[in-house]
Amino acid sequence: MSHVEDELNSQPECWIRAAEETGRHGGALPAPGERVAIVGCGTSYFMAQAVAALREAAGQGETDAFAASEFPPGRSYDRVVALTRSGTTTEVLELLARLRGGTRTTAITADPATPVMSAADDLVVLDFADERSVVQTRFATTALTLLRAHLGLHTADVVADARTALTAPLPEGLADSTQFTFLGRGWTVGLANEAGLKMREASLSWTEAYPAMEYRHGPISVTTGGTATWMLGEAPAGLAEQVRGTGGAWIAGTLDPLAELVRVQRLAVAVAARRGLDPDRPRHLTRSVILAS
């Protein structure tokens, strides 16, 4: 079993622990009413998108998400939350250094022996969700679960759905698709973006991701009989029928959207295996992006 397979299979237990530990991290996490920005790179950026949408929808306060390298200078926030598995990503560390002394910062990381431990004002260490693999699975979803629980939006049903996602067969023939499109609405747009990234990283697949309502505004034109379109969350009325009308396959999200992402992770590993690829050694990628000064 590859590292990524082992790690993605451990997600239900990681989510349970993250939800149980939310209370003791409360002081480091955004308070209701705070104006918050959540930043990250790659997978962490897409988790930031999901959390930002969840927090605003929950009425907790204005919340933005940015790639760490694109944080707008001069914009005022009460707190900036940085998601960084490795704790060494250059763009995250540079941003935290710029904010030091001016904006309260929180880092959520997996490794306590990294520079981020002294770069942020507050820290949340999820070392039990750390990973050996380059391709992120459990750390990202565990960090999202922590923040979801902090908002009061995590339930035992999410964990049950994750277990179903790990055991239920993937749709027959899905791994033979030549192109994959992932759709989301609200907080699941970030999950759709992450699903597309996971397929690209692990299996070198041609993938796209869109807000579901935007898919009809052009992207649906490339859908063919070899395309699989996967909805994370509830689909807009009529969209499934339109996709099927193109000859492409429609995959409805029947589980909690975070559990649906686990199904996509499994698909990425399955497609990689079918193509003779090692998901633990994705092309041109490293576990952390550290830029030379």
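Not measured: the values here are computed from a predicted model.

S.K.: Any chance you could explain the overall build of the protein here in plain terms?
M.R.: Along its length, the protein carries 10 helices and 9 strands. For the protein, whose C-alpha radius of gyration is 18 Å, the value lies close to the compact-globule estimate of 19 Å for 293 residues. Put simply, of all contacts in the protein between residues at least 6 apart along the chain, 72% involve residues at least 24 apart. Within the structure as shown, the protein displays about 12000 Å² of accessible surface, and the carbon and sulfur contribution to it stands at 50%. The average position of the 26 basic charges and that of the 34 acidic charges among the side chains of the protein differ by 2 Å.

S.K.: I would appreciate a short explanation of the sheet that holds strand β2 (residues 63-67) in the present structure.
M.R.: Across the sheet, 5 strands lie side by side as β2-β1-β3-β4-β5; this open sheet has parallel pairing. For this open sheet the edge positions go to β2 and β5 (122-125), each flanked by a neighbour on one side alone. For this sheet, the mean inter-axis angle between neighbouring strands, taken without regard to orientation, is 20°. As judged from the 6 bridges shared by strand β3 (residues 79-84) and strand β4 (residues 104-109), these two strands associate in the parallel manner. Bridge assignment links Arg79 to a residue of β4, and that residue is Arg104. Docked against the sheet, helix α3 (residues 43-57) engages β1 (36-40), β2 and β3, running at close to 170° with respect to β2. The strands touched by helix α6 (residues 138-150) are β3, β4 and β5; relative to β4, the strand with the most contacts, the crossing angle is about 135°.

S.K.: I would appreciate a short explanation of the environment of Ala119 in the present structure.
M.R.: Along the chain, the position of Ala119 falls in helix α5 (residues 116-119). With near-sequence residues (within four places) excluded, Ala119 lies in contact with Leu93, Leu96, Arg100 and Thr105.

S.K.: How do you make sense of helix α4 (residues 90-99) when you look at a structure like this?
M.R.: Structurally, the α-helix is built with 3.6 residues per turn, so residues lying three or four positions apart point the same way. Within α4, burial applies to Thr90, Val92, Leu95, Leu96 and Leu99. Looking at the residues trailing α4, positive phi occurs at Gly101, about 85°.

S.K.: Explain the pattern of salt bridges to me, please; I cannot follow it from the model alone.
M.R.: Any two side chains of opposite charge can pair, so long as their charged atoms come close to each other. What the rule picks out here adds up to 15 salt bridges. Residue Arg24 is joined to Glu21 by a salt bridge in which the shortest nitrogen-to-oxygen separation is 3.2 Å. Arg24 gets classed as exposed once you look at its relative accessible area, which sits at 61%. Taking the shortest distance from any N to any O, the salt bridge between Asp122 and Arg104 comes out at 2.9 Å. Note that Asp122 is positioned in strand β5 and Arg104 in strand β4, a separation of 18 residues in sequence. Given a relative accessible area of 41%, Arg104 falls into the partly exposed group. Residues participating in the shared-partner salt-bridge network are Glu34, Arg79, Arg104 and Asp122.

How each quantity is defined
For every chain, the first residue of the written sequence is number 1, and numbering continues from 1 along that sequence. Predicted model: local features are reported for residues with pLDDT of at least 70 only, side-chain atom pairs are reported and counted for 80 or more only, and whole-chain, interface and lining totals are derived from all residues. Here the side-chain values reflect all heavy atoms present in the structure, with hydrogen atoms and water set aside. Going along the chain from the N terminus, every DSSP run of H or I of four or more residues is numbered as a helix, and every run of E of two or more is numbered as a strand. Our radius of gyration looks at C-alpha atoms and nothing else; its globule reference is 2.2 Å times the residue count to the power 0.38. Only heavy atoms matter for contacts: two residues are in contact if any of them lie within 4.5 Å across the pair. Computed with the Shrake-Rupley method and a 1.4 Å probe, the accessible areas treat only the protein chains shown as cover for residues. We treat Lys and Arg as the positive residues and Asp and Glu as the negative residues; His and chain ends play no part in the count. Note on charges: their place is set at NZ of Lys, CZ of Arg, CG of Asp or CD of Glu. Two strands are said to pair when DSSP picks up at least two bridges between them. All axes are obtained by fitting lines to C-alpha atoms, using only the stretch in contact for helices, and the reported angles, taken between N-to-C directions, cover 0 to 180 degrees. When accessible area is computed with a 1.4 Å probe and restricted to protein chains, residues below 20% of their type maximum are described as buried, those above 50% as exposed, and intermediate ones as partly exposed. Here, a salt bridge means any Lys or Arg side-chain nitrogen found within 4 Å of an Asp or Glu carboxyl oxygen.

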